[in-house]
Amino acid sequence: MHYRRALIPGGTYFFTVALAERKSTLLTEHADGLREAVRVVKLRHPFEIVAMVVLPDHLHAIWRLPPGDADYPTRWSLIKAGFSRGIPKDERIRSSRTAKRERGIWQRRYWEHLIRDDEDLQAHVDYIHHNPVKHGYVAQASAWPHSSIHRYIRMGLVKANWGIGVETGEGYGE
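Small disclaimer: the values here were computed from a predicted structure and weren't measured.

**Points about the overall build of the protein chain**
Helix and strand counts for the protein chain stand at six helices and four strands. Starting at the N terminus, the α and β elements of the protein chain follow one another as β-α-α-β-β-α-α-β-α-α. Of all 174 residues assigned to the protein chain, the portion counted as buried reaches 44%. Partitioning the intrachain contacts of the protein chain with sequence separation of at least 6 by distance along the chain shows that 67% fall at a separation of at least 24. Of the roughly 10100 Å² that the protein chain leaves accessible, carbon and sulfur atoms contribute 52%.

**A look at the side chain of Arg75**
With respect to the helices and strands, Arg75 occurs in helix 3 (residues 72-85). In this structure, Arg75 is in contact with Val41, His45, Pro46, Phe47, Trp63, Leu65, Pro66 and Asp69, ignoring residues within four places of it in sequence.

**So, the packing of aromatic side chains**
Applying the stated criterion across every chain yields a total of 13 aromatic pairs. For the pair Tyr137 and Trp144, a centre-to-centre distance of 5.2 Å together with 35 degrees between the ring planes defines the contact as tilted. Overall, Tyr137 belongs to the partly exposed group, its relative accessible area being 38%. Here Trp144 falls in the buried class, since its relative accessible area comes to 10%.

**Some thoughts on the packing of helix 2 (residues 31-44) against helix 3**
Where helix 2 contacts helix 3, the two axes come as close as 8 Å, and the packing angle between them is 140 degrees. The angle between the axes of helix 2 and helix 3 places the two elements in the oblique class. Handedness of the crossing formed by helix 2 with helix 3: right-handed. When helix 2 is examined against helix 3, the residues Gly33, Leu34, Ala37, Val38 and Val41 are found in contact with a partner set consisting of Arg75, Leu78, Ile79, Gly82 and Phe83. Considering only residue class, the contact of helix 2 with helix 3 consists of seven nonpolar, two polar and one charged.

Cut-offs applied
- The numbers attached to residues start from 1 for each chain and follow its sequence in the written order.
- Totals for whole chains, interfaces and linings use every residue, but because this is a predicted model, local features are given only for residues with pLDDT of at least 70 and side-chain atom pairs only at 80 or more, for both listing and counting.
- Calculation of side-chain values draws on the structure's entire complement of heavy atoms; hydrogens and water are dropped beforehand.
- Only DSSP runs of H or I covering at least 4 residues are called helices, and only runs of E covering at least 2 are called strands; the numbering of each starts at the N terminus.
- Only protein chains enter the accessibility calculation, which uses a 1.4 Å probe; a residue whose area is less than 20% of its type maximum is buried, one above 50% is exposed, and one in between is partly exposed.
- Contacts are residue-level and defined by heavy atoms, with any inter-residue pair within 4.5 Å sufficient.
- To be clear on the numbers: accessible area is Shrake-Rupley with a 1.4 Å probe, and residue cover counts the displayed protein chains and nothing else.
- Two rings from Phe, Tyr or Trp (for Trp, the six-membered ring) form a pair when their centres are within 6.5 Å of each other. A pair whose planes differ by under 30 degrees is stacked, one over 60 is edge-to-face, and the rest are tilted.
- The axes are straight lines fitted to the C-alpha atoms, using for helices just the contacting stretch, and the angles between their N-to-C directions are given from 0 to 180°.
- Note on angle classes: values under 35 degrees are labelled roughly parallel, values over 145 roughly antiparallel, values of 65 to 115 roughly perpendicular, and the remainder oblique.
- Crossing handedness is read from the near helix: turned anticlockwise from the far helix by less than a right angle, it gives a left-handed crossing, and turned clockwise, a right-handed one.
- Residues are sorted three ways: Asp, Glu, Lys and Arg are charged, Ala, Val, Leu, Ile, Met, Phe, Trp, Tyr, Cys and Pro are nonpolar, and all the rest, Gly among them, are polar.

As structure tokens, this is what we get:
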């Protein structure tokens with residue numbers, strides 16, 4: 001099946017990628033394995049991670065692709081496969097997935113949004129950094145360990161108390 005995807009060379013994209021079992025905690029339990037899968041893919045297929053947050057059952061990321069390159073589907077496929085190889089095979093695998101040599105770890109589809117401008121980018125970066133608060137994992141964004149907000153704080157782009165007092169989800173696009 002072919003999905004309609006915005007494939008703009010050198011584009012900046014927001015992604016939501018989720019596990020098949022939405023109550024799973026595999027991504028945070030195996031955060032180092034996910035980090036390694038991303039690192040390996042970036043070596044062969046470079047891209048910039050503008051912002052990213054990893055939650056127990058899903059992640060959000062903003063990537064900027066190199067000029068002339070729009071192939072984020074291959075990158076996600078390789079990241080998912082690399083991560084999956086490092087996970088013990090104890091998940092329930094449906095026959096439809098077995099026939100396609102798939103594990104039952106990831107949802108097949110993912111959400112992608114082409115970032116339109118600086119305002120759109122900032123709204124999605126803020127959404128990513130606020131996501132652990134939105135889901136009730138922490139009271140402030142900087143308390144979540146699996147977030148690019150720590151890089152933003154180190155770079156002086158936001159303060160450590162960023163987002164405190166913001167109502168959950170208010171002002172952030174979904």
